[in-house]
Every structure is written in C-alpha cells, then in structure tokens.
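Okay, here's what each chain looks like letter by letter:
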Amino acid sequence: MTDRMTHNKFFLMLLIGFSFLVRLLFFNTFLRDNPVQLAFDSGHYHAVAVNVANGKGFMNADGSPHFYRLPGYPLFLAGCYKLFGVQPERALWVQLVLASLIPLLVFVLSLVLLNSLWVSRAAAIISCVQPGFILYAGMLLTESLAALLLLLFFIFFFHRRATWHLFAAGIFLGLASLVRPVGHYVLVLA
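All figures in this text were calculated on a predicted structure; none of them were measured in a lab.

Some words on the packing of helix α6 (residues 102–114) against helix α9 (residues 143–158)
Step number 1: Interhelical geometry of α6 versus α9 gives an angle of 25° and a closest axis separation of 9 Å. Put simply, α6 runs roughly parallel to α9. Here the hand of the crossing between α6 and α9 comes out left-handed. Contact with α6, carried on its side by Ile102, Leu105, Val106, Val108, Leu109, Val112 and Leu113, involves Ser144, Ala147, Leu148, Leu151, Leu152, Phe154, Ile155 and Phe158 of α9 and no other residues of that element.
Step number 2: Among the residues forming the contact of α6 with α9, the class breakdown is 14 nonpolar, 1 polar and no charged.

As for the packing of aromatic side chains
Step number 1: A complete count under the given rule lists 11 aromatic pairs for this structure.
Step number 2: Here phenylalanine 11 and phenylalanine 107 contribute two aromatic rings whose centre-to-centre distance is 5.9 Å and whose plane-to-plane angle is 50°, an arrangement assigned as tilted. With phenylalanine 11 in helix α2 (residues 9–31) and phenylalanine 107 in helix α6, this residue pair connects regions lying 96 residues apart in the sequence.
Step number 3: For phenylalanine 11, a relative accessible area of 17% gives the class buried.
Step number 4: Centre to centre, the rings of phenylalanine 157 and phenylalanine 158 are 5.2 Å apart; their planes meet at 85°, and the pair counts as edge-to-face.
Step number 5: Exposure remark for phenylalanine 157: the relative accessible area of 18% places this residue in the buried category.
Step number 6: Look at phenylalanine 158 and you get partly exposed, because its relative accessible area is 40%.
Step number 7: Members of the aromatic cluster, joined through ring pairs, are Phe153, Phe154, Phe157 and Phe158.
Step number 8: The ring of phenylalanine 11 is capped by arginine 121, whose NZ or CZ atom sits 4.9 Å from the centre of that ring.

Rules behind the numbers
The residue numbers shown here count from 1 along each chain, following its written sequence. Residues qualify for local features only when their pLDDT is at least 70, as the model is predicted, and side-chain atom pairs are given and counted only at 80 or more; totals for whole chains, interfaces and linings, by contrast, use all residues. With hydrogens and water set aside, each side-chain value is computed from the structure's full complement of heavy atoms. Axis lines are fitted to C-alpha atoms, over the contacting stretch for helices. Their N-to-C directions set the angle, which ranges from 0 to 180 degrees. We count a stretch as a helix when DSSP gives it H or I for four or more residues in a row; a strand needs E for two or more, and each element gets its number in order from the N terminus. Roughly parallel means an angle under 35 degrees; roughly antiparallel means over 145; roughly perpendicular covers 65 to 115; every other angle is labelled oblique. Left-handed is the label given to a crossing in which the near helix is rotated counterclockwise from the far helix by less than a right angle, and right-handed is the label when the rotation is clockwise. Any two residues whose heavy atoms approach within 4.5 Å are treated as being in contact. Polar here means any residue other than Ala, Val, Leu, Ile, Met, Phe, Trp, Tyr, Cys and Pro, which are nonpolar, and Asp, Glu, Lys and Arg, which are charged; Gly is therefore polar. Only Phe, Tyr and Trp rings are paired, with Trp represented by its six-membered ring, and only when their centres lie within 6.5 Å; those with planes under 30 degrees apart are stacked, over 60 edge-to-face, the remainder tilted. We call a residue buried when its accessible area falls under 20% of the maximum for its residue type, exposed when it is over 50%, and partly exposed in between, using a 1.4 Å probe and counting protein chains only. Counted as over-ring charges are cases with an Arg CZ or a Lys NZ within 6 Å of the ring centre that also lie within 35 degrees of the ring normal.

This is the structure in structure tokens:
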C-alpha cells in the first residue's frame, strides 16, 4: 500500500489542496458571518470549551456541571482556544484543515478494502465535494472530527499487518467515542 501512496503523491497532494479549497470557499461564502454560528449545539460546545480553556472544567455557561455531551469535541475546541485565543473562527480554521484530510483517508481506506486504485481515486474525489463533509467542516460541530477519527480506526482495523495496527485502531475508536457515541455500533459490526 505504501508503494501506491508514493506513486500517487502528486494526486494526493492535489486532492488535499482541492479539498481544502472547496471547504475554504464554502466557509468564506456561507458560514463565516453566520449570525447563528454559536446557536444550539455549537453554542453548548463553545461554552464548555471556554470553561475548560479557562480551567473551570466541564461546566455550562451558567456554571452548572456539563454531562449532556461527550467531552472530546469541547476538549478539541479548548485546545484551539488555548493556542489561538477564544475565537471560534480560528478553531474552525484548524477544523477546516483537518477536514481537508478526510478525502485522503477515504482514498487510503478504499485502497485497503478494495485494492483498486481507480475506485480509491473516485471515492476520494467524491468525498472532496460531498455536501455533508463540506458543510460540517465549517461549523462548530463534531462531525468532521468524528469522521476523521473513525476513518483512522477503519484503516488500522482493516489493514492490520502488525500487532500495533490493532492497538492503533483501538486508540482511534476510543478517541472517536469521546467525540460521538459510535463505539458500541462499531464493535457490534466488527
């Protein structure tokens, strides 16, 4: 598989660049100045992340303990807020970059599962323009981070050539389960 990755280096770099450009254009055109950017779920994630970044722990905006949502995404946001200040747009920039890697991971997973270069390329290109991947990349929601972690889990799980691959798959499944409640479904399917 690594030989195929090396021979497709130009395609993969172009893929990541195209993926980032599509997400960036959509974000700048439709989502950047969204008046409800911090409404609903996004507002909850933001409020908890601000409290975590300020050292107050998992608290809601009103100071009550936060037990309603999983801690992974607020921790991701809190890390971004610690690095760049409490500015949701900067956290979204980090998320846009990470979401741009999803087509690369789709390419790798397709190659692992189907061993077909053409199918892998097609799947990766489709994931560059898939509306859900584009939309959620520019919103303070868990979907992009969860998709990234789940794809890493599936890649390591199905491409287990060494013992550490299975260990890495477990780590990524655990991280994904901290972002979205997915682990119990994946374990049943596995």
